[in-house]
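Summary of structural features
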Amino acid sequence: MDALLTQQGIEHGFITRANVFDAGYTDRDIRDAKRSGILITIGPGLYAIKDSYIVLNPAQQHLIRCRAVAARLGDGVVVSHQSAAIAHRIPIWGVELNAVHVTRRDGIRGRREAGVIHHVGRICDNDIVDLDGMLVTRPSRAVWETVCNATIEAGMVTMDAALNLKIASREELIDASERFTNWKGSRRARITARLSDGRAESPGESRSRFLFWRFHVPKPELQFYVYTQGGILIARTDFAWPEARHLGEFDGKIKYDGTFGEDGRLTILDEKQREDGARAELFGMSRLGWVDLSPSKAAATAARFNSGIDQSKRLYTRNRTVIV
């Protein structure tokens, strides 16, 4: 392959069949490049430099396919749904990425072709933004499109992330829910919106909150700060049930923040010391990780949290006034 063509594939992430022909090569050269491991097909008439493409994560690979599809289809379509969410750098989980999603602007009916799903829907100029030459639905619409096609659990991950990163506001999402109230999946999306919280800082935290909701664990406070009686910050935990003096952590990581000493050095304590400090202030602790969120373990995880909350309430709130 021509060095300039290869460089283009590395810089832009993809090469089109037309690019190959413009460089003086033929379909036979494309087949030879694929056979020798230089190129990989990422869509009809779309290729990527294999060594550069296969090291990317699924979201990064999907974004390259989005750009390639947008370049091939032109201004008649807008990248939408989870494809647009990825273009806006909104984290997603549990959402299908096999195909690039686009919404038609030209009135052509919706269809599914190799690697591309064409949607037909009402879309106006105000719904569209330009990201480095690629037309994409604006963040609030992209989130709503994604959530309508996702489970509540997966939708919470996307919506929490958009709110946390301030890519979309609560008001913008409410507006989207009112505009697209009759869309398929909109009822599920409205439930997701009621459960969403921008204080969640990771997909694990969002999925944990879904587990709490589904299995009737009391709704927790998020990003809870634990102080000593003398006002010294010990830890910041993902979840807390202050009335029961109980804390929760996803993946066993307690975050901390604060300074120590006259020189303002950051307090660095290991996880065990921070948990011991929280327990010394009469808080119980429950933890969960990815495996605890699996369908086979979710109910048992919820039961364990409920048991821990009840135990902390018995142990630490007796004859104690709780101020929250």
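Before reading on, note that the structure itself is shown above.
A brief look at the structure comes next. (Residues numbered from 1 in each chain as written. Predicted model: local features only at pLDDT ≥ 70, side-chain atom pairs only at ≥ 80, totals over all residues. Heavy atoms only, no water.)

**Some thoughts on the sheet that holds strand 15 (residues 284-288)**
Taken in spatial order, the 4 strands line up as 10-11-12-15 in an open sheet, and their pairing is mixed. Either end of the sheet is taken by a strand with one partner, and the two such strands are strand 10 (221-227) and strand 15. Sheet twist, expressed as the average angle between the axes of neighbouring strands with direction ignored, equals 45°. Pairing of strand 10 with strand 11 (residues 233-241), which is carried by 6 bridges, proceeds in the antiparallel orientation. Residue pairing for strand 11: Tyr227 is matched across the bridge by Leu233. On the sheet, helix 11 (residues 203-214) packs against strand 10, strand 11, strand 12 (246-250) and strand 15 and is oriented at approximately 45° with respect to strand 11. Its contacts with the sheet put helix 13 (residues 298-316) on strand 11, strand 12 and strand 15, and the angle it makes with strand 15 is roughly 170°. (Pairing = 2+ DSSP bridges. Helix = DSSP H or I, 4+ residues; strand = E, 2+ residues; numbered from the N terminus. Axes fitted to C-alpha atoms, helices over the stretch in contact; angles between N-to-C directions. Contact = heavy atoms within 4.5 Å.)

**Observations concerning the sheet that holds strand 1 (residues 15-16)**
With respect to topology, 3 strands assemble into an open sheet ordered 1-3-2, the strand pairing being antiparallel. Because the sheet does not close on itself, it has two edges, and the strands there are strand 1 and strand 2 (39-43).

**What about the packing of helix 7 (residues 139-148) against helix 8 (residues 152-164)?**
A pair of packed helices is captured by two measures, namely the crossing angle of their axes and the spacing between those axes. For the pair helix 7 and helix 8, the least separation of the axes is 9 Å and the interaxial angle reads 165°. Judged by the angle between their axes, helix 7 and helix 8 are roughly antiparallel. In the packing of helix 7 onto helix 8, the handedness of the crossing is left-handed. In this structure, helix 7 contributes Val143, Trp144, Thr146 and Val147 to the contact, and helix 8 contributes Gly155, Thr158, Met159 and Ala162. Each residue belonging to the contact of helix 7 with helix 8 can be placed in one class, and the counts come to 5 nonpolar, 3 polar and no charged. (Parallel < 35°, antiparallel > 145°, perpendicular 65-115°, else oblique. Left-handed = near helix turned anticlockwise from the far one by under 90°. Nonpolar A, V, L, I, M, F, W, Y, C, P; charged D, E, K, R; others polar.)

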